[in-house]
There are 2 protein chains.
Amino acid sequence: MSDKKRDCEAAIGVFDSGVGGLTVAREIMRNLPNERIVYFGDTARLPYGSKSKETIIRFSRQIIRFLRTQDVKAIVIACNTASALALEEVEKELDIPIIGVVKPGARVAAAATVNNLVGVIGTESTIHSHMYRQTIQAINPDITVFGRACPLFVPLVEEGWLKDPVTEEIATRYLKDLLDQGIDTLILGCTHYPLLRSLIRKITGEHVTLVNPAYETAKALERLLEKKGIANPGEKEPGNEPYRFFVSDAADKFKNFANSILPYDVETIQKINIEEY
Amino acid sequence: MSDKKRDCEAAIGVFDSGVGGLTVAREIMRNLPNERIVYFGDTARLPYGSKSKETIIRFSRQIIRFLRTQDVKAIVIACNTASALALEEVEKELDIPIIGVVKPGARVAAAATVNNLVGVIGTESTIHSHMYRQTIQAINPDITVFGRACPLFVPLVEEGWLKDPVTEEIATRYLKDLLDQGIDTLILGCTHYPLLRSLIRKITGEHVTLVNPAYETAKALERLLEKKGIANPGEKEPGNEPYRFFVSDAADKFKNFANSILPYDVETIQKINIEEY
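Participant: An account of helix H3 (residues 53-68) of chain B is requested, with residue identities and associated values reported.
Facilitator: Taking 1.5 Å per residue as the helical rise, H3(B) with its 16 residues ought to reach 22 Å, and the 22 Å between its terminal C-alpha atoms agrees with that figure. Every buried residue of H3(B) is listed here: Thr55(B), Ile56(B), Ile57(B), Phe59(B), Ser60(B), Gln62(B), Ile63(B), Ile64(B), Phe66(B) and Leu67(B).

Shown next, in the form of C-alpha cells:
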C-alpha cells in the first residue's frame, strides 16, 4: 500500500471532554460517510468548561498523544472550551491538520448576520475566553458579539429534559438579554446545545439564524481533507470497525448517551488511563 | 516540643472535589475553633459525582499523599462521593485517623427516624453506590431507605439561585417521590445541598427531619480527636495561618465561593498539580 493510500485510509481523531462532542462525530458520520473516526471522551476529567487555559492545554496534549497512537490523519477538537483555549497552542506542535469548532461556527455566523448583532451561548470558559467574539471581529470588526454563559444547559440535556417547561423557563432567562439586544444570529457554542435546538428555536423565533458549529465543523473538515488530498475516496474497508470509541471513565454511561444520539448502535467502548499519555 | 504536643497542634486535612466541602470546613471552624485546617479542592477534576469507583480511589490516594506533606493529624473526606466510594479502601492504607461524611450522616438519620422511612438525596454516584442505605441498614435493618439523584442541584447552587422559583420547581420534582413514600427524615447527601436547606425545608414541611452530614461530621471529628487524645487543647498559634487552602485549578473562582460561605475572608489559595502526587 502506498503512503498516500495509507494516509487517506487513516481515521479522523475527534475528542471532547465527554459525550458532547458526539454531536460533532454525528455530523462527520452524516456528511463524510467514507471517513473512519477514533473518538475520545475525557469523562474522568469533565467538564472542561470551568477549568483554566493551562489545564485545558495539558489535557489536550495528553489526548493528542493518545490519538496519535491510533493512526489518525487529522484531528478535530469537538469541544468549544478546548477549541477556544488550546487549539492555537497545540496546532504549533503538530505535523497533521487539526481544527476546532470555534472558527467554523464563527465564520458562518459572520456571513449570516445582516444587522451585525450576533449572540453566542456556551460554557463559562468559552464565553469568558471571548474566542467567538475575537474570531468574528477578526473577520468583520463591525459585528458586535454578545455572549451569555448557560451553565445549566449541559446538566439539563444530561437529565434528558430537552422539551421540559423548566428547561424552557431557564432558556428564556438565559436568552432574554441577547434577544433584547436585537441579535439576528445565535451560535450554539457548546456541543450539547444542538440537542436543545428546537426549544431554543421556539424562544428566539424564526427571524434569528441558529448556527450549529458541529455541522459547520464537519463541512470545514471536508474542505480541509480535500485541500490536503487526504480525503478517503473509497468505501470504508469491510471488517475494519469504522468508528472506535475511547473514554477515560464510566464507559457504560457514555454508551447509553452515544446510542441515544448516534445513527447506529455503538458496540464497544474502551476505557484508557489518559494520564499515562 | 513533645511528639504529643506536635500531634495536637497539627492540622486537620479536609478534601473535596471542589468548593462543596467548604460547608464541612465551615462546620469544623464553628464547632472545633481550636483546630487548624488544610483544605484541598480538586477543582481540575471535579465533579466526582459521575465518575467510577476506581477513578475516585485513585484521585483520593493522590490527595491524601499531598495532605500528608502538609503535616496533618487526621483527614476528613468532605465529599459524599469519595466517602462512599474510597473511604473503606484508603482507610486500610493509613496510620492516621480518617473519616468521611457518610457514616456520621447515616447514624444520625437512623437515630432520628420514627417511622423507619428515610430519604437520601445526592449526586448520581452517591445514590447509585447505595452507601447511605447500606450504612443505615447495618445499624437498623428495619429502616427502608429511598434514594434520589439530583444532578441539577450543584449547578443551581453555583448559579446562586438558592431561593429561585426554578430551583423550587426542580426541587419539588426531585423530592416528590420521596415525600410520596412518607419519609420522616431526609439526608442532604451532597455537600452543596445544605445551601439549599431553607428551600428544601419549604417543600418537605416541618415534619421531616433534615440531616446535614457536614454538621454531623464535625461533631464526629470532635469525638474522634478526643478519643485519640489529639484534640488541640489550646488556642491556635498566633502568626501561624490557621486555615490554608489548596486547589488543583482556578483558584480565583474558588476564592469567590469560599468568601461567600465562610465566616471570614480567605486571603490566599495555592494552586498545585495534584497529578504529581
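Participant: Requested: an account of the sheet that holds strand E6 (residues 144-149) of chain A, with residues and values cited.
Facilitator: Paired through backbone hydrogen bonds, the strands of a sheet run either parallel or antiparallel to each other. Residues and elements named next belong to chain A. Taken in spatial order, the four strands line up as E6-E5-E7-E8 in an open sheet, and their pairing is parallel. At either end of the open sheet lies a strand with only one pairing partner, and these are E6 and strand E8 (209-211). Averaged over neighbouring strand pairs, the angle between their axes works out to 20 degrees when direction is ignored. In the sheet, strand E5 (residues 117-122) pairs with E6 via six bridges, with the strands oriented parallel. Residue pairing in the sheet places Ile121 in a bridge with Arg148 of E6. Across the sheet, helix H5 (residues 102-112) touches E5, strand E7 (185-188) and E8, and the angle it forms with E7 is around 170 degrees.

Participant: Any details on the packing of aromatic side chains? Residues and values, ideally.
Facilitator: Residues and elements named next belong to chain A. For the coordinates displayed, the defined rule picks out 22 aromatic pairs over all chains. Where Phe66 meets Phe246, the ring centres are 5.0 Å apart and the plane angle is 70 degrees; that geometry is what we call edge-to-face. With Phe66 in helix H3 (residues 53-68) and Phe246 in strand E9 (residues 243-247), this pair connects stretches of sequence that are 180 residues apart. Like Phe66, the residue Phe246 is buried in the burial classification. With 5.1 Å between their ring centres and 90 degrees between their planes, Phe153 and Tyr193 make a pair best called edge-to-face. Of this pair, Phe153 sits in helix H8 (residues 153-159) while Tyr193 sits in the loop between E7 and helix H10 (197-204), placing them 40 residues apart in sequence. Accessibility assignment for this pair places Phe153 and Tyr193 in one class, buried. Taken together, the ring pairs in this structure connect Phe40, Phe66, Phe246 and Tyr277 into an aromatic cluster. Looking at Arg45, its charged tip hangs above the ring of Phe59, at a distance of 3.7 Å from the centre.

Participant: So what's going on with the packing of helix H2 (residues 22-31) of chain B against helix H11 (residues 213-228) of chain B? Which residues, and what values?
Facilitator: Residue and element names in this part refer to chain B. Here H2 crosses H11 at 50 degrees, and the two axes come no closer than 8 Å. Classified by the interaxial angle, the pair formed by H2 and H11 is oblique. Crossing of H2 over H11 shows right-handed handedness. Every residue of H11 that contacts H2 at Thr23, Val24, Glu27, Ile28 and Asn31 is listed here: Ala214, Tyr215, Thr217, Ala218, Lys219, Leu221 and Glu222. Of the residues assigned to the contact of H2 with H11, the class counts are six nonpolar, three polar and three charged.

Participant: Give a detailed account of the nonpolar core, specifying residues and quantitative values.
Facilitator: Counting 122 residues, the largest nonpolar core has Phe153(A) and Phe153(B) as its most contacted members. Leaving out residues up to four positions away in the same chain, Phe153(B) has contacts with Ile121(B), Ile170(B), Ala171(B), Tyr174(B), Tyr193(B), Leu196(B) and Ile200(B).

Participant: Any chance you could break down the interface of chain B and chain A for me, citing the residues and the numbers?
Facilitator: Listed by partner, the interface residues are 32 residues for chain B and 32 residues for chain A. When chain B packs against chain A, the two sides together hide about 2,600 Å² of surface, and 51% of this comes from carbon and sulfur. Together, Leu152(B), Arg173(B) and Glu275(B) form the three largest contributors to the area buried by chain B at its contact with chain A, with a combined 20%. The interface formed by chain B and chain A holds ten salt bridges in total. Close ionic contact of Arg173(A) with Asp164(B) constitutes a salt bridge, the shortest N to O distance being 2.7 Å. Seen at the junction of chain B and chain A, the total is 16 residue pairs in polar contact (both at pLDDT 80 or more).

Participant: How would you summarise the packing of H3(A) against helix H4 (residues 80-91) of chain A if you had to cite specific residues and measurements?
Facilitator: Residues and elements named next belong to chain A. It is the contact of H3 with H4, at a shortest axis distance of 9 Å, that shows an interaxial angle of 70 degrees. The orientation of H3 relative to H4 falls into the category roughly perpendicular. Residues Lys53, Ile56, Ile57, Ser60, Arg61 and Ile64 of H3 form the contact with H4, whose own contacting residues are Thr81, Ala82, Leu85, Ala86, Glu89 and Val90.

Participant: Let's hear about the pairing of strand E2 (residues 37-41) of chain A: which residues, and what values?
Facilitator: All names here are of chain A. A large share of E2 lies buried, amounting to five of its five residues. As judged from the five bridges shared by strand E1 (residues 11-16) and E2, these two strands associate in the parallel manner. Counted as the bridge partner of Asp16 is Gly41 from E2. The handedness of the E1 to E2 crossover, carried by helix H2 (residues 22-31), is right-handed. Sheet topology note: the E2/E9 ladder contains five bridges and is parallel. Among the inter-strand pairings, Ile37 is bridged to a residue of E9, identified as Tyr243.

Participant: Please provide a residue-by-residue account of the relation of the copies chain B and chain A, values included.
Facilitator: In the superposition of chain B on chain A (RMSD 0.0 Å, axial shift 0.0 Å), the rotation amounts to 180 degrees. With respect to symmetry, the two chain copies, as superposed, fit the operation of a two-fold axis. Closest to the rotation axis within chain B is the C-alpha of Arg45(B), separated from it by 2.4 Å. Looking at chain B, 100% of its interface residues are interface residues in chain A too, so the copies touch through the same face.

Participant: Can you lay out unusual backbone geometry for me, pointing to particular residues and giving the numbers?
Facilitator: Residues and elements named next belong to chain A. Omega for the bond connecting Leu46 with Pro47 falls within 30 degrees of zero, at -5 degrees, which places this linkage in the cis form. The residue Asp71 is not glycine, and still its phi comes out positive at about 55 degrees. Position of Asp71 among the secondary structure elements: in the loop between H3 and strand E3 (72-77). Under the relative-accessibility criterion, Asp71 is labelled partly exposed at 47%.

Participant: Let's hear about the pattern of salt bridges: which residues, and what values?
Facilitator: Under the defined criterion, the tally for this structure stands at 36 salt bridges over all chains. Of the charged contacts, one joins Glu89(B) and Lys92(B) as a salt bridge, the two residues approaching to 3.5 Å between their closest N and O atoms. Looking at Glu89(B), the relative accessible area reads 30%, which means it is partly exposed. Members of the salt-bridge network, linked through shared partners, are Asp42(A), Arg45(A), Arg58(A) and Glu275(B).

Participant: Describe in detail the side chain of Ser52(B), supporting the description with residues and values.
Facilitator: With respect to the helices and strands, the residue Ser52(B) is situated in the loop between strand E2 (37-41) and H3. Within polar-contact distance, the side chain of Ser52(B) engages the side chain of Asp249(A) at 2.6 Å. Residue contacts for Ser52(B): discarding those within four places in its chain leaves Asp249(A), Lys271(A) and Leu85(B).

Participant: So what's going on with the sheet that holds strand E7 (residues 185-188) of chain B? Which residues, and what values?
Facilitator: Residues and elements named next belong to chain B. Across the sheet, four strands lie side by side as E6-E5-E7-E8; this open sheet has parallel pairing. One side of each edge strand has no neighbouring strand; the edge strands of this open sheet are strand E6 (144-149) and strand E8 (209-211). Ignoring which end each strand starts from, the neighbouring axes of this sheet average 20 degrees apart. Lying on the sheet, helix H9 (residues 165-180) is in contact with strand E5 (117-122), E6 and E7; it crosses E6 at an angle near 165 degrees.

What counts, and at which threshold
Residues numbered from 1 in each chain as written. Chains lettered and ligands numbered in written order. Predicted model: local features only at pLDDT ≥ 70, side-chain atom pairs only at ≥ 80, totals over all residues. Heavy atoms only, no water. Helix = DSSP H or I, 4+ residues; strand = E, 2+ residues; numbered from the N terminus. Expected span 1.5 Å × (residues − 1). Buried < 20%, exposed > 50% of the residue type's maximum accessible area, 1.4 Å probe, protein only. Pairing = 2+ DSSP bridges. Axes fitted to C-alpha atoms, helices over the stretch in contact; angles between N-to-C directions. Contact = heavy atoms within 4.5 Å. Phe/Tyr/Trp six-rings, centres within 6.5 Å; stacked < 30°, edge-to-face > 60°. Lys NZ or Arg CZ within 6 Å of the ring centre and 35° of its normal. Parallel < 35°, antiparallel > 145°, perpendicular 65-115°, else oblique. Left-handed = near helix turned anticlockwise from the far one by under 90°. Nonpolar A, V, L, I, M, F, W, Y, C, P; charged D, E, K, R; others polar. Core = buried A, V, L, I, M, F, W, Y, C linked by side-chain atoms within 4.5 Å. Buried area = accessible area lost by both parts, 1.4 Å probe. Salt bridge = Lys/Arg side-chain N within 4 Å of Asp/Glu carboxyl O. Polar contact = N/O pair within 3.5 Å; in protein donor to acceptor, adjacent residues only side chain to side chain. Right-handed = clockwise from strand over helix to strand, strands pointing away. Least-squares fit on C-alpha atoms with pLDDT ≥ 70 in both.

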